[in-house]
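Structure at a glance
Spelled out from the first residue to the last, the chains are:
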Number of protein chains: 2
Amino acid sequence: MGSNSDYNPFTMNNPLNPEEFRRQGHMIIDFLADYYHNIQNYPVLSQVEPGYLKKNLPSFAPFGPEPIETILQDIKQHIIPGITHWQSPTFFAFFPSSGSTAGFMGEMLSTGLNVVGFNWLSSPAATELESTVMDWLGQELKLPKEFLFTGQGGGVMLGTTCEAILATLVAARDRKLNLIGRDKIGKLVVYGSDQTHCAVQKAAHIAGFDPKNFRAVKTSRSNSYSLQPQSLLKTVQNDLRNGLVPCFLCATVGTTSTTAVDPVGALCHVAKEYGMWVHIDGAYAGSACICPEFRSLIDGVEDADSFSLNAHKWFLTNLDCCCLWVKDPNSLIRSLSTNPSYLHNNASESKGVVDYKDWQITLSRRFRALKVWMVLRSYGVSNLRNFLRSHVEMAKTFEEMVKKDKRFEIVVPRNLAMVCFRLKPLGVVDSDANEMNKKLLDSVNESGRVYMSPAMVEGMFVIRCAVGATLTQEEHVIMAWNVLQEHANAILNDH
Amino acid sequence: MGSNSDYNPFTMNNPLNPEEFRRQGHMIIDFLADYYHNIQNYPVLSQVEPGYLKKNLPSFAPFGPEPIETILQDIKQHIIPGITHWQSPTFFAFFPSSGSTAGFMGEMLSTGLNVVGFNWLSSPAATELESTVMDWLGQELKLPKEFLFTGQGGGVMLGTTCEAILATLVAARDRKLNLIGRDKIGKLVVYGSDQTHCAVQKAAHIAGFDPKNFRAVKTSRSNSYSLQPQSLLKTVQNDLRNGLVPCFLCATVGTTSTTAVDPVGALCHVAKEYGMWVHIDGAYAGSACICPEFRSLIDGVEDADSFSLNAHKWFLTNLDCCCLWVKDPNSLIRSLSTNPSYLHNNASESKGVVDYKDWQITLSRRFRALKVWMVLRSYGVSNLRNFLRSHVEMAKTFEEMVKKDKRFEIVVPRNLAMVCFRLKPLGVVDSDANEMNKKLLDSVNESGRVYMSPAMVEGMFVIRCAVGATLTQEEHVIMAWNVLQEHANAILNDH
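The model shown is predicted, which means the values in this text are computed figures rather than measured ones.

Moving on, we come to the overall build of chain A. Helices and strands together make up the secondary structure of chain A, namely 15 helices and 11 strands. Its C-alpha radius of gyration of 24 Å places chain A within 12% of the 23 Å reference for a compact globule of 495 residues. Seen along its three principal axes, the alpha-carbon backbone of chain A occupies a region of about 75 × 70 × 45 Å. Going through the 495 residues of chain A one by one, you find that 69% of them count as buried. As displayed, chain A has an accessible area near 15700 Å², and 50% of this comes from carbon and sulfur atoms. Distance between charge centres in chain A, computed from 46 positive and 49 negative side chains, equals 5 Å.

And the structure:
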């Protein structure tokens with residue numbers, strides 16, 4: 001089967017032949033089901049060296065066709081070793097990429113139908129299901145009606161938070177420039193904290209803001225690295241004195257380094273005073289707000305202009321799906337709409353439909369709503385809440401174990417399902433601790449048994465344990481802590 | 001099964017339970033195989049009315065779980081009627097969204113592994129396969145080595161051409177502003193033709209260019225709507241006289257309205273003289289350049305800075321996948337890189353790996369390379385060429401039929417697999433012809449038997465017949481022409 005010289009599969013006569021599609025589809029489903037079954041046998045962090053794959057692949061594309069069996073064999077032999085297993089139960093790095101059966105099935109349907117839903121007519125179901133599901137999810141998050149289609153707002157599914165931030169930033173920029181003149185773009189200022197995701201600064205750069213005019217307002221450990229309204233206010237006032245124009249604030253609910261929660265309501269109060277657009281980035285933590293006990297994290301969202309979360313992080317929706325709600329869709333549409341003749345159609349001209357191409361950076365768009373719809377229906381809000389809660393409980397368990405070992409410290413109080421900690425034996429100074437923790441993390445990750453990732457906060461090297469992979473159970477969290485302790489023992493004995 | 005009150009599926013205990021995944025996966029594969037089998041039974045353009053779906057769905061997300069059988073039933077009953085069937089053999093609108101078994105299987109694997117390949121370490125295979133496949137495809141397109149990793153360049157897989165254009169535009173902008181000062185952003189000019197895709201103007205707007213400084217250089221029917229170097233030159237010289245700074249040219253190989261081909265080499269010659277970045281947009285036609293007889297369409301690409309095509313249009317790769325090659329990856333990296341502590345890792349710090357997050361607008365990215373790799377291997381370059389050629393042949397057949405009916409005219413000579421035509425009986429003036437063609441197109445599309453889409457060129461309403469859906473065979477093209485003639489007869493008899 002390895003030779004490709006004279007293999008001539010039926011498929012090329014019709015690359016969508018239903019029976020060949022069925023045959024291969026069942027094969028891949030079984031492959032993936034087996035993968036989930038065996039996932040713990042793989043090192044969670046890939047252990048390959050740079051350039052490993054090039055060596056194993058031909059230098060040119062094949063001239064003739066090859067059978068699926070050969071390709072699958074290569075996937076097992078050459079691709080799987082180079083995978084960092086985000087679906088592994090001992091993946092605790094970054095934030096989770098929580099796949100699920102329902103999310104996967106939704107993506108399969110979307111990929112199989114393969115529609116390009118740029119406007120309503122290009123597949124009315126894609127647009128209408130998206131609007132409906134965004135309202136459903138918004139209701140479960142208790143977003144004020146102004147963010148929903150049943151109010152005057154609405155939601156859209158994008159690929160990533162980066163796109164949500166860029167889209168809202170461009171809308172905010174244009175709203176301001178329409179007031180003060182387009183030549184003033186160099187005066188506009190974007191605000192976040194020193195914990196804000198790098199996506200905001202990057203988006204501001206892309207959107208033509210002067211790189212000098214991004215403010216990463218300082219936070220501190222005493223406030224658990226949340227952005228303080230007073231600090232924002234001072235920064236804004238200083239900019240005003242320098243003739244600059246406040247334009248956009250990104251407040252974060254659950255920062256990447258430490259899951260810090262910026263006080264949304266109080267920050268909106270400051271920002272609104274100065275005419276800024278406020279976006280709430282709930283990429284990770286937003287999903288948890290479907291649980292009544294966590295909803296207070298976004299209290300004050302009613303005063304913001306937009307809110308987003310990544311359903312592909314912690315809502316069982318396979319990559320990619322960022323949910324963005326805005327109070328004023330027209331502000332997006334004014335900045336992002338296009339109307340070329342080759343897309344003209346009676347439905348769009350009636351103005352009675354949503355054309356999502358005008359709510360986003362790109363034209364083509366996938367039918368992402370199927371995924372979130374299937375997740376909501378297959379599990380139900382009740383189970384989804386319990387699922388998120390189970391991760392929070394496991395993180396609590398992990399935190400308790402860390403607390404009991406006096407060689408370690410919890411760096412900031414845990415929010416939700418992420419624990420930020422470090423090895424900090426008595427008498428070890430910060431610079432030595434940093435080196436020690438980097439060594440610890442490298443050695444743990446190289447073991448292939450668990451994968452955690454680092455962050456630097458105020459010069460401290462911290463280890464992040466983010467619980468949220470779909471397959472993670474309490475036993476995995478306990479195992480992770482045991483692995484950490486083993487490696488810490490080895491490092492401290494060497495020390 | 002319709003009740004959701006007490007259904008408690010096994011899945012919620014583990015949303016990635018391998019056996020439940022297997023069960024549902026096989027079910028969805030069979031659903032899609034049957035869909036392809038029966039696809040001609042559906043009206044190709046959805047015939048629903050705005051708001052049809054809202055009426056059929058509950059107003060709130062379900063509190064309890066629902067079985068997959070119920071959900072699939074709803075998909076058949078409520079979603080499928082709202083689908084415009086891009087995979088139908090009688091879909092001739094826009095450009096094709098050519099799915100395939102191989103493309104679908106690649107997407108399934110990507111979705112199942114569900115890795116977030118922002119940097120090398122997050123899944124080395126995702127990055128390395130992408131680099132390899134981009135070199136493979138670049139070689140088949142006979143791109144000069146400067147665009148390949150084996151040279152000094154390289155390729156990246158993005159979601160859409162919109163992203164490719166935005167990324168290169170930001171790189172071009174910054175390259176220029178670094179020379180002349182960031183405060184000169186309002187002086188930069190972006191060039192295309194009046195046939196250039198709306199994505200370019202939108203990207204320029206997003207990237208903070210002054211909307212006044214986008215030039216849609218006029219084209220004409222006598223040159224088949226291709227951008228003339230002399231016209232570009234005059235426009236550039238005029239801008240220079242007005243103190244503006246030429247920055248970026250997008251030349252198109254296969255425009256959306258008429259598949260016009262801009263003369264790449266001669267345009268690069270003009271643009272380079274004035275220090276512009278030249279991007280070649282081959283979203284549709286680029287794929288055909290793997291056939292030696294069509295490669296001349298991009299002659300001159302060696303003088304451009306970047307080139308892109310959508311593998312999801314006409315390369316059997318299910319949505320989404322835009323392939324972008326650049327000569328100078330560092331120009332992208334300088335504009336788009338980020339380096340937050342939470343992504344630090346030894347591999348990235350070694351500078352010996354590609355971190356694709358720095359080549360694109362977004363951070364998170366899907367493992368798209370699997371799709372293109374599986375398409376190239378499953379079909380082989382030889383069959384892929386023949387497949388593209390078969391669409392061109394079918395378009396020729398369609399064109400010949402149109403030519404034989406004297407009531408119709410071919411508006412521009414056909415390039416590749418798209419025919420631009422209109423009903424234009426002797427003695428009918430242009431304005432009447434426009435109304436007549438709009439009526440004809442509406443009536444054809446409302447029949448549900450074929451779907452074509454319009455464009456306006458120089459005030460002419462034209463009908464576009466884009467052959468390229470994977471399932472299309474000659475019989476469908478002949479049927480499409482028969483449907484057109486029937487409806488034309490009816491309209492002309494009424495007239």
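So, about the interface of chain A and chain B. Each side of the interface is counted separately: chain A has 157 residues, and chain B has 157 residues. Carbon and sulfur atoms supply 67% of the area buried between chain A and chain B, which totals about 13800 Å² over both sides. Sorting the residues of chain A by area buried against chain B places A:Phe21, A:Tyr342 and A:Arg377 first, and these three jointly supply 6% of that buried surface. Viewed at the interface, chain B and chain A are joined by 8 salt bridges. Ionic pairing is found between A:Arg22 and B:Asp34, a salt bridge with its closest N-O pair at 2.9 Å. Taken together, the links from chain A to chain B amount to 65 residue pairs in polar contact (both at pLDDT 80 or more). If you tally residues by element for the side of chain A that touches chain B, the top one is helix α1 (residues 18-38) of chain A, at 17 residues. Looking at the side of chain A that touches chain B residue by residue, the classes come out as 78 nonpolar, 54 polar and 25 charged.

Before going further, it helps to spend a moment on the domain arrangement of chain A. All names here are of chain A. One can read the domain layout of chain A as domain 1 (10-82), domain 2 (104-376) and domain 3 (380-494). One C-alpha centre belongs to domain 2, the other to domain 3; they are set 31 Å apart. Contacts between domain 2 and domain 3 engage 29 residues on the former and 27 residues on the latter. Between domain 2 and domain 3 lies a buried interface of about 2400 Å² when both sides are counted; carbon and sulfur atoms form 63% of it.

The residue B:Thr338 is located in the loop between α11 (329-336) and α12 (346-349) in this model. For B:Thr338, a relative accessible area of 14% gives the class buried. Dropping the residues within four chain positions of it, B:Thr338 is found in contact with A:Cys198, A:Lys202, B:Lys357 and B:Asp358.

All names here are of chain A. Note that Asn-310 resides in strand β6 (residues 306-310). Expressed as a C-alpha distance, the spacing of Asn-310 and Asp-74, which sit 236 residues apart in the sequence, is 32 Å. Here Thr-161 takes part through its side chain, which lies 2.8 Å from a polar atom of the side chain of Asn-310.

Right, let's talk about the relation of the copies chain A and chain B for a bit. With an RMSD of 0.0 Å, the operation that places chain A on chain B is a rotation of 180° combined with a shift of 0.0 Å along the axis. Each copy turns onto its partner about a two-fold axis.

Hydrogen bonds along the backbone pair up the strands of a sheet, which may run parallel or antiparallel. Residues and elements named next belong to chain B. The 7 strands are arranged β1-β7-β6-β5-β4-β2-β3 in an open sheet whose pairing can be described as mixed. In this open sheet, the two edge strands, each paired with only one partner strand, are β1 (154-158) and β3 (214-217). Averaged over neighbouring strand pairs, the angle between their axes works out to 20° when direction is ignored. As paired strands, strand β4 (residues 245-252) and strand β5 (residues 277-281) are joined by 5 bridges and run parallel to one another.

On to unusual backbone geometry, then. A cis geometry characterises the amide bond from A:Leu319 onward to A:Asp320, with omega recorded as -5°. Within the fold, A:Asp320 resides in the loop between α10 (311-314) and β7 (322-326). Positive phi values are uncommon outside glycine, yet A:Leu316 reaches one of about 60°. Tracing the backbone shows A:Leu316 in the loop between α10 and β7. Positioned with a positive phi, B:Lys142 is a non-glycine residue whose angle comes to about 55°. Assignment of secondary structure puts B:Lys142 in the loop between α5 (124-140) and β1.

Our focus in this paragraph is the state of the cysteines. All names here are of chain A. Scanning the entire structure with this criterion turns up 0 disulfides over all chains. We note that Cys-250 lacks a disulfide partner, and the nearest cysteine sulfur, in Cys-162, lies 11 Å from it. The structure places no disulfide on Cys-465, whose sulfur is separated from the nearest cysteine sulfur, that of Cys-420, by 9.9 Å.

With that out of the way, let us pick up the pairing of strand β5 (residues 277-281) of chain A. Two faces, one strand: in a regular strand the side chains alternate between the faces of the sheet. All names here are of chain A. Burial analysis of β5 places 5 of its 5 residues in the buried class, the great majority of the element. With respect to chirality, the unit in which strand β4 (residues 245-252) leads through helix α9 (residues 264-273) into the neighbouring parallel β5 is right-handed. Here 3 bridges tie β5 to β6, and the two strands are oriented parallel to one another. Opposite Asp-281, over in β6, you have Ser-308 as the bridge partner.

Two elements in contact, α1(A) and helix α1 (residues 18-38) of chain B, have axes whose closest approach is 9 Å; the angle formed by their N-to-C orientations is 165°. Of the possible angle classes, the one that applies to α1(A) and α1(B) is roughly antiparallel. Regarding α1(A) and α1(B), the two cross each other, and that crossing is right-handed. Between α1(A) and α1(B), the contacting residues are A:Pro18, A:Phe21, A:Arg22, A:Gly25, A:His26, A:Ile29, A:Asp30, A:Leu32, A:Ala33, A:Asp34, A:Tyr36 and A:His37 on the first element and B:Pro18, B:Phe21, B:Arg22, B:Gly25, B:His26, B:Ile29, B:Asp30, B:Leu32, B:Ala33, B:Asp34, B:Tyr36 and B:His37 on the second. Considered class by class, the residues forming the contact of α1(A) with α1(B) number 12 nonpolar, 6 polar and 6 charged.

Residues and elements named next belong to chain B. End to end, helix α13 (residues 369-404) covers just 44 Å across 36 residues, shorter than the expected 52 Å (1.5 Å per residue, more than 12% under). Gly-380 marks the point of greatest bend in α13, at about 90°. In terms of burial, α13 is largely enclosed, as 26 of its 36 residues are buried.

The rules behind each value
Residues numbered from 1 in each chain as written. Chains lettered and ligands numbered in written order. Predicted model: local features only at pLDDT ≥ 70, side-chain atom pairs only at ≥ 80, totals over all residues. Heavy atoms only, no water. Helix = DSSP H or I, 4+ residues; strand = E, 2+ residues; numbered from the N terminus. Rg over C-alpha atoms; globule rule 2.2 N^0.38 Å. Buried < 20%, exposed > 50% of the residue type's maximum accessible area, 1.4 Å probe, protein only. Areas by Shrake-Rupley, 256 points an atom, 1.4 Å probe, with all protein chains shown as cover. Lys, Arg positive; Asp, Glu negative; His and termini not counted. Charge placed at Lys NZ, Arg CZ, Asp CG, Glu CD. Contact = heavy atoms within 4.5 Å. Buried area = accessible area lost by both parts, 1.4 Å probe. Salt bridge = Lys/Arg side-chain N within 4 Å of Asp/Glu carboxyl O. Polar contact = N/O pair within 3.5 Å; in protein donor to acceptor, adjacent residues only side chain to side chain. Nonpolar A, V, L, I, M, F, W, Y, C, P; charged D, E, K, R; others polar. Domains from an automatic or database assignment. Least-squares fit on C-alpha atoms with pLDDT ≥ 70 in both. Pairing = 2+ DSSP bridges. Axes fitted to C-alpha atoms, helices over the stretch in contact; angles between N-to-C directions. Disulfide = S-S within 2.5 Å. Right-handed = clockwise from strand over helix to strand, strands pointing away. Parallel < 35°, antiparallel > 145°, perpendicular 65-115°, else oblique. Left-handed = near helix turned anticlockwise from the far one by under 90°. Expected span 1.5 Å × (residues − 1). Bend = angle between axes of the 7 residues up to and from the residue.

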